[in-house]
Amino acid sequence: MTEKKLADWWNESHGSLYEKLGGEAAVNAAVDIFYRKVLADPRINRFFEGVDMEKQAAKQKAFLTMAFGGPHNYTGMDMRRGHAHLVKQGLNDVHFDAVMEHLGATMKELNVPDELIAQAAAIAESTRNDVLGR
Amino acid sequence: MTSITYGGNTYPLDKDQSVLDCLVGHGAPVPFSCRSGVCQTCLMRAVRGVPPEDSQRGLKDSLKLQNYFLACVCHPTNDLEAALPQDVVKSLPATVTALEPLNSEIMHVSLECHAPLEYRAGQFINLFREPTLGRSYSLASVPQHDEHLHLHVRRLPQGKVSGWIHEHLRIGQTVEIRGPSGDCFYVPGRPEQELVLIGTGSGLAPLYGILRDALQRGHSGPIRLFHGSRNRAGLYLTDRLRELAREYPNFDYVPCVSGEEPAPGLAAGRAHEIAFMEIPDFKDKRLFLCGHPEMVSAAKRRAFLAGAAMKDIYADPFNVNAAP
Ligand SMILES: Cc1cc2nc3c(=O)[nH]c(=O)nc-3n(C[C@H](O)[C@H](O)[C@H](O)COP(=O)(O)OP(=O)(O)OC[C@H]3O[C@@H](n4cnc5c(N)ncnc54)[C@H](O)[C@@H]3O)c2cc1C
Ligand code: HEM
Ligand code: FES
């Protein structure tokens, strides 16, 4: 997974998820809800309290675009690199699970059908080892 | 063929190539990450030409209005000259036309630019004492209505630039300024939206500009200004703001003091705490936060958690860097 572009793999396996969810509009609707949950969660908010909330919010949008099967160019290697500084700060499965929880809850709040939530969750789940640097 | 100019060089844009790929291919130091228009790392500004709408998706209105765009998803059909956000500012001389104390620590400085400066109330300029010693000051003036630039400069103990402005600057003296910069200003549109302005100390400068800009452009929704200081002596323009509140029924002014018993007409507590007490829900409201960096970041977070959309929060933390 690390070398091959995750995007290609997703396109093959989840080609239409992004469209089914409503594309960019769905990401826009979800990003503030998701980021609010993350910031309000004492288990993980310390990772997201960057100097610039706005830049952080844009990165959460990148996360959601990925999870929703949308277009992006991140590789597994990018995920490894992008979270390495967090792994150094102790990022582990508990934190990963918390993010998964908020992803699911955000989509539920937007009345996304369970079946599509499961697909998005599977995409996010597939990055676990890269994100956690294993 | 479309061409892209950057840093004085012009490059042809290949078919299907993004501005980012073109510039990075030629060694330009444009940062990027997602390459798909979401992370906003590759933010650039068109200084000539108009960027396609598609390349501005997801950007704050005040950035769109200044022709900012995302290079990785920018496929222009007309020539563009692009610059990185920090490279755009112009330098020009300006002459001091007035210096009037607003209170014991804040000075109103009025400047006449030697060439026209296009700006929006609430943006800031950098004012230079020496070629390498400059500081940012926000614009309290409204270009359509005020002839000169207006600044409110708070004097800091041993402040290299603020101290010099208070003690040595004279009417008729010419200084170098650079700018304007910043995206904390009123964008016309949604005139019925509620605006909440929160500032501490000289953080009133941009808010005073934004407030008058919004009123003069016919903003009809409620506008609430919370201005805070430790004590009464730190507040300023109170009479003028009360006058505006009488003149415009949709405008409400709440002066706050946090370090002493408030005199009649003042609220007791920190400006942002009073604002959050009075306004529990920030959904669909537009916010402007200026002044003390800790207040700005605390208020930003709280407003967002209280329902404000990230795109509706405009902020200028007055970071003081002890640099040269
Ligand atoms: C975007 C932006 C907009 C700004 N707009 C304005 C404006 O409209 N009006 C305005 O007055 N300022 C504004 N500032 C702050 C301004 O740019 C300068 O930082 C400020 O005037 C201090 O510069 P100085 O050279 O006088 O002080 P310096 O010589 O840089 O520093 C003086 C010393 O004061 C210390 N210090 C820091 N904060 C305080 C404090 N609260 N009380 C006492 N001491 C302190 C510092 O650590 C430092 O040692 C803005 C800043 C930014 C980033
Ligand atoms: C569930 C799988 C995850 C995916 C697919 C994912 C994806 C992403 C993406 C695409 C970015 C943007 C990278 C960039 O462009 O710079 C990002 C940044 C970030 N992620 Fe994740 N992420 C995941 C899990 C997590 C977890 C569990 C945490 C912490 C609890 C986390 C914290 C962060 C932070 C703090 C950033 C911003 C880093 C910075 O400021 O540079 N992520 N993530
Ligand atoms: S690189 Fe992410 S928006 Fe352009």
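Residues numbered from 1 in each chain as written. Chains lettered and ligands numbered in written order. Predicted model: local features only at pLDDT ≥ 70, side-chain atom pairs only at ≥ 80, totals over all residues. Heavy atoms only, no water.

Visitor: What exactly am I supposed to notice about the side chain of B:Ser18 here?
Guide: Residues and elements named next belong to chain B. Along the polypeptide, Ser18 turns up in the loop between β2 (9-12) and α1 (19-25). On the accessibility criterion, Ser18 (3% relative accessible area) is buried. When near neighbours in sequence (up to four residues on either side) are disregarded, Ser18 contacts Leu13, Ala71, Cys72, Cys74 and His75. (Helix = DSSP H or I, 4+ residues; strand = E, 2+ residues; numbered from the N terminus. Buried < 20%, exposed > 50% of the residue type's maximum accessible area, 1.4 Å probe, protein only. Contact = heavy atoms within 4.5 Å.)

Visitor: So what exactly am I meant to see when it comes to the packing of helix α3 (residues 23-39) of chain A against helix α7 (residues 93-109) of chain A here?
Guide: Geometrically, a packed helix pair is captured by the angle between its two axes and the distance between the axes. Residues and elements named next belong to chain A. One can describe the packing of α3 onto α7 by two numbers: an axis separation of 9 Å at closest approach and a directional angle of 140 degrees. When the axes of α3 and α7 are compared, the pair comes out oblique. As α3 runs across α7, the sense of the crossing is right-handed. Contact residues: Ala30, Ile33, Phe34, Lys37 and Val38 in α3; Val99, His102, Leu103, Ala105, Thr106 and Glu109 in α7. (Axes fitted to C-alpha atoms, helices over the stretch in contact; angles between N-to-C directions. Parallel < 35°, antiparallel > 145°, perpendicular 65-115°, else oblique. Left-handed = near helix turned anticlockwise from the far one by under 90°.)

Visitor: Please explain the domain arrangement of chain B as it appears in this structure.
Guide: Accessible area lost on assembly of the parts is the figure often given for the size of an interface. All names here are of chain B. Along its sequence, chain B is organised into domain 1 (3-87), domain 2 (90-181) and domain 3 (195-317). Contacts between the two partners involve 17 residues from domain 2 and, on the opposite side, 18 residues from domain 3. Buried surface at the junction of domain 2 and domain 3, summed over both partners, amounts to about 1,300 Å²; 54% is from carbon and sulfur atoms. Applying the counting criterion to the domain 2 and domain 3 interface returns one salt bridge. Measuring nitrogen to oxygen at the nearest pair gives 3.1 Å for the salt bridge that ties Arg212 to Asp146. The interface formed by domain 2 and domain 3 includes seven residue pairs in polar contact (both at pLDDT 80 or more). Across the side of domain 2 that touches domain 3, the residue classes break down as seven nonpolar, seven polar and three charged. (Domains from an automatic or database assignment. Buried area = accessible area lost by both parts, 1.4 Å probe. Salt bridge = Lys/Arg side-chain N within 4 Å of Asp/Glu carboxyl O. Polar contact = N/O pair within 3.5 Å; in protein donor to acceptor, adjacent residues only side chain to side chain. Nonpolar A, V, L, I, M, F, W, Y, C, P; charged D, E, K, R; others polar.)

Visitor: Where do I start with the coordination of the iron atom of ligand 2 in this structure?
Guide: You will see that the iron atom of ligand 2 has only one donor from the protein, A:His83 (NE2), lying 2.1 Å away. Checked against the element boundaries, A:His83 lands in helix α6 (residues 76-88). (Donors = N, O, S within 2.8 Å, 3.2 Å for Na, K, Ca; no water.)

Visitor: Looking at this structure, how should I read the pattern of salt bridges?
Guide: On inspection of all chains with the given rule, the structure shows 24 salt bridges over all chains. Residues B:Asp16 and B:Lys15 are paired through a salt bridge, measuring 3.6 Å at the closest nitrogen-oxygen approach. Residue classification places B:Asp16 among the exposed positions, given a relative accessible area of 65%. Residue B:Lys15 is classed as exposed on the basis of its relative accessible area of 74%. In this structure, a network of salt bridges that share partners links the residues A:Asp93, A:Asp97, A:Glu125, A:Arg128 and A:Arg134.

Visitor: It is not clear to me how the packing of α7(A) against helix α8 (residues 114-125) of chain A should be interpreted in this structure. Could you clarify?
Guide: Residues and elements named next belong to chain A. α8 packs onto α7 with a crossing angle of 155 degrees between their chain directions and a minimal axis gap of 10 Å. Considering their axes alone, α7 and α8 lie roughly antiparallel with respect to each other. As α7 runs across α8, the sense of the crossing is right-handed. Only Asp114, Leu116, Ile117, Ala120, Ala121, Ala124 and Glu125 of α8 make contact with α7, whose side of the interface consists of Phe96, Met100, Leu103, Gly104, Met107 and Lys108. Of the residues belonging to the contact of α7 with α8, the class tally is nine nonpolar, one polar and three charged.

Visitor: Would you explain the site of ligand 2 in this entry?
Guide: Lining the immediate environment of ligand 2, one finds 21 residues, of which A:Phe47, A:Gln56, A:Tyr74, A:His83 and B:Ser33 sit closest. Residue neighbours of ligand 2 fall on chains A and B, so the site bridges chains. Interatomic distance of 3.0 Å between a side-chain N/O atom of A:Gln56 and an oxygen atom of ligand 2. Between A:Tyr74 and ligand 2, the recorded distance is 2.3 Å, taken from a side-chain N or O atom to an oxygen atom. If you list the elements that add at least two residues to the shell around ligand 2, you get α4 (45-48), α5 (53-67), α6 and α7 of chain A. Looking at the shell around ligand 2 element by element, the count peaks at five residues for α5(A). Among the residues making up the shell around ligand 2, the classes are represented as 14 nonpolar, six polar and one charged. (Near = heavy atom within 4 Å.)

Visitor: When you look at the interface of chain A and chain B in this model, what are you seeing that I'm missing?
Guide: The interface of chain A with chain B comprises 21 residues on the first partner and 19 residues on the second. For the pairing of chain A and chain B, the buried interface totals around 1,800 Å² over both sides, and the portion due to carbon and sulfur atoms is 54%. Per-residue buried area on chain A facing chain B is highest for A:Arg36, A:Met53 and A:Glu54; these three make up 32% of the total on that side. One can count two salt bridges joining chain A with chain B. Notably, a salt bridge pairs B:Lys60 with A:Glu54, separated by 3.1 Å at the nearest N-O pair.

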